[in-house]
Amino acid sequence: MRKYNFSAGPSTLPVSVLEALQKDLVEYQGMGLSLIEASHRSPEYDAVHSTTLALVKELLQVPDTHEVLLLQGGATLQFGMIPLNFMGQGGSCDAVMSGSWAKKAIADSAKVGTVNKVFDGKDSSYTTLPDNVTTTAGAAYLHITSNETIEGVQWKNFPDTGDVPLIADASSDIMSRPLPIAKFGMIYAGAQKNLGPAGVTLVIIRKDLLERCPDSLPAYLNYKTHADKDSLYNTPPVFAIWAMGEVLKWIKSNGGLDGVQKLNEQKAQLVYDTIAAHGDFYRCPVDPEVRSTMNVVFRLPTEELEKQFIAAAKDKGMIGLKGHRSVGGCRASLYNAMPLEGAQALADFMTEFAKAHG
Ligand SMILES: *Cc1c(COP(=O)(O)O)cnc(C)c1O
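Residues numbered from 1 in each chain as written. Predicted model: local features only at pLDDT ≥ 70, side-chain atom pairs only at ≥ 80, totals over all residues. Heavy atoms only, no water.

Section: the packing of aromatic side chains
Here the structure, examined in full by the defined rule, presents 14 aromatic pairs. Ring centres of F239 and W242 lie 5.7 Å apart, and the angle between their planes is 85 degrees; on these two criteria the pair is classed as edge-to-face. With F239 and W242 both in helix α6 (residues 238-253) and three residues apart, the pair spans about one turn of that helix. On the accessibility criterion, F239 (32% relative accessible area) is partly exposed. (Phe/Tyr/Trp six-rings, centres within 6.5 Å; stacked < 30°, edge-to-face > 60°. Helix = DSSP H or I, 4+ residues; strand = E, 2+ residues; numbered from the N terminus. Buried < 20%, exposed > 50% of the residue type's maximum accessible area, 1.4 Å probe, protein only.)

Here you go:
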């Protein structure tokens, strides 16, 4: 039996997508070979590449002012590429310190220049976000993390940053809801939460910012290289892009981003409501205003009970509920491909467990 996979990433994918990939893996549409054996300059791959890019633009309604890139190296490489391309040695940028992933992004920016933390959630153990932020004169950009995967904190409205480009790491909530792309100088995401298997990184970047990328950078590290070559400067991760295209078709057939947003809110509500209904047993540390629809974090009365809960859930075919090792507790990741039935099964189990142990 297929398990309900609540892992934070890599994470669950739609079964229909896995089956579509399986069906075409060995022999791709009459080519006499697999797509992953074929040249990335072949017409067959070219069609996959351009379909995937077109679906990103269509689903996110990317305006003509922005370019869509498909890169490698995960969101982690973006932590370094962003300061190298936009801040330059000795420059400065602004950043919101909202949790574990923001911390990693900030650490890489700080290797290149000065980072002004315009907000730091450390006093609340990263359970909240600012209502507003004030940018600093001379800041090359403001970096935020649209969803903190580990702490379960998510921006619901994005800050106005005036002339300072807003750059967002949306690795764990991209394509989970409509986004005001025009507001962002750049928004990026590793694929392995909502978009497909690991191996491809989606970057959407405002075209005028490409003019700021310094020629002194090694070719791969320069965004302009990839924009000029339509993300085919070097061999792309063919399988990952093919799979991402299939995931995007699945999103489209499920009502696009409005459709998945509705479902995501329903799933998250089921779990948050269960936590609230057993408030003497479960506790969500996150400020209710900014609770993530993607990663629901919660605690039980003791670490021993948390261990038992995770083990008992596993016996029922629900895996990946352990919180990140840095924070402990429990976490249910409810990405796009988690069906409503999975969230319902978890909520039912949580109720049962609270009754038995509360
Ligand atoms: C998973 C994750 C990352 C790291 O992504 P990689 O693709 O492994 O580099 C970065 N930021 C956020 C918010 C994430 O959830």
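After that view of the structure, there is still more to cover.
Some details on the UniProt feature "modified residue: N6-(pyridoxal phosphate)lysine" (unreviewed entry) in the protein chain
Summarizing the sequence annotation, UniProt attributes the feature "modified residue: N6-(pyridoxal phosphate)lysine" (unreviewed entry) to K193 in the numbering used throughout. As for its placement among the helices and strands, K193 is situated in the loop between β9 (186-190) and β10 (201-206). Given a relative accessible area of 12%, K193 falls into the buried group. When neighbours within four sequence positions are excluded, K193 is seen to be in contact with A8, G9, S11, S171, S172 and Y335. (UniProt positions renumbered as here; feature names shortened; annotations may be inferred. Contact = heavy atoms within 4.5 Å.)

Details of the environment of N295
Counting through the fold element by element, N295 comes out in strand β11 (residues 295-298). Sequence separation of N295 and C330 is 35 residues, and the distance between their C-alpha atoms is 10.0 Å. Dropping the residues within four chain positions of it, N295 is found in contact with A8, N147, E148, T149, G152, S172, Y272, R331, A332, S333 and Y335. Within the structure, the side chain of N295 is placed 3.0 Å from the side chain of Y335, a separation counted as a polar contact. (Polar contact = N/O pair within 3.5 Å; in protein donor to acceptor, adjacent residues only side chain to side chain.)

Some remarks on the nonpolar core
One finds L60, M175, Y282, F298 and F309 to be the most contacted residues of the largest nonpolar core, which totals 87 residues. A per-element tally of this core places α6 first, with 10 residues. No fewer than three residues from each of domain 1 (4-12 + 256-357) and domain 2 (15-253) sit in this core. Grouped together as the second largest cluster of nonpolar side chains are 29 residues, L71, M97, M186 and V203 included. (Core = buried A, V, L, I, M, F, W, Y, C linked by side-chain atoms within 4.5 Å. Domains from an automatic or database assignment.)

As for helix α2 (residues 43-60)
In an α-helix, one turn spans 3.6 residues, which is why side chains three or four residues apart end up on the same side. The terminal C-alpha atoms of α2, which comprises 18 residues, lie 26 Å apart, in line with the 26 Å expected from a rise of 1.5 Å per residue. The complete set of buried residues in α2 reads Y45, V48, H49, T52, L53, L55, V56, L59 and L60. Axial view of α2: buried residues confined to an arc of 155 degrees, hence all on one face. Those residues of α2 that are buried lie in contact with β2 (66-71), β10, α6 and α7 (256-277). Phi turns positive, to about 50 degrees, at Q61, one or two residues after α2. (Expected span 1.5 Å × (residues − 1). Arc of directions from axis to C-beta.)

Examining the environment of G256
Within the secondary structure, G256 sits in helix α7. Through-space distance from the C-alpha of G256 to that of I204 is 18 Å; in sequence the pair is 52 residues apart. Contact partners of G256, with chain neighbours within four places excluded, come to L59 and I251.

What about unusual backbone geometry?
A cis amide bond, omega -10 degrees, links G9 with the succeeding residue P10. By the secondary structure assignment, P10 is in the loop between β1 (4-5) and α1 (15-25). Phi is positive for S125, close to 55 degrees, though the residue is something other than glycine. Along the chain, S125 turns up in the loop between β4 (114-120) and β5 (142-145). Residue S125 is classed as exposed on the basis of its relative accessible area, which comes to 54%. Unusually for a residue other than glycine, S231 sits at a positive phi of about 60 degrees. By secondary structure assignment, the location of S231 is in the loop between α5 (223-228) and α6. The class of S231 is buried, set by a relative accessible area of 4%.

Here we look at the site of the ligand
As a matter of local geometry, the ligand sits amid 13 residues, with T76, T149, D169, Q192 and K193 nearest to it. A distance of 2.5 Å separates an oxygen atom of the ligand from a polar side-chain atom of T76. Expressed as a share of its isolated accessible area of 390 Å², the protein-covered part of the ligand is 87%. For the shell around the ligand, the element with the most residues is helix α3 (residues 74-86), which contributes four residues. For the shell around the ligand, a count of residues per class yields three nonpolar, eight polar and two charged. (Near = heavy atom within 4 Å. Areas by Shrake-Rupley, 256 points an atom, 1.4 Å probe, with all protein chains shown as cover. Nonpolar A, V, L, I, M, F, W, Y, C, P; charged D, E, K, R; others polar.)

What to know about the packing of helix α8 (residues 303-315) against helix α9 (residues 340-357)
Running from N to C, α8 and α9 point in directions that differ by 135 degrees, and their axes come no closer than 11 Å. Judged by the inter-axis angle, α8 sits oblique to α9. The interaxial crossing formed by α8 with α9 has right-handed handedness. Note on element contacts: α9 touches α8 through L346, F349, M350, F353 and H357, opposite L305, Q308, F309, A312 and A313. Broken down by class, the residue content of the contact of α8 with α9 amounts to eight nonpolar, two polar and no charged. (Axes fitted to C-alpha atoms, helices over the stretch in contact; angles between N-to-C directions. Parallel < 35°, antiparallel > 145°, perpendicular 65-115°, else oblique. Left-handed = near helix turned anticlockwise from the far one by under 90°.)

With respect to the pattern of salt bridges
Tallying each qualifying case throughout the model produces 11 salt bridges. E58 serves as the salt-bridge partner of K252, at 3.0 Å between the closest nitrogen and oxygen. Of the two residues, K252 is situated in helix α6 and E58 in helix α2; the sequence distance between them amounts to 194 residues. Taking the relative accessible area as the measure of exposure, K252 reaches 43% and is therefore partly exposed. One salt bridge in this structure joins K117 and D120, with 4.0 Å as the shortest N-O distance. Among the residues examined, D120 registers a relative accessible area of 26% and is labelled partly exposed. Three or more residues joined by partner-sharing salt bridges are found here, namely K117, D120 and K122. (Salt bridge = Lys/Arg side-chain N within 4 Å of Asp/Glu carboxyl O.)

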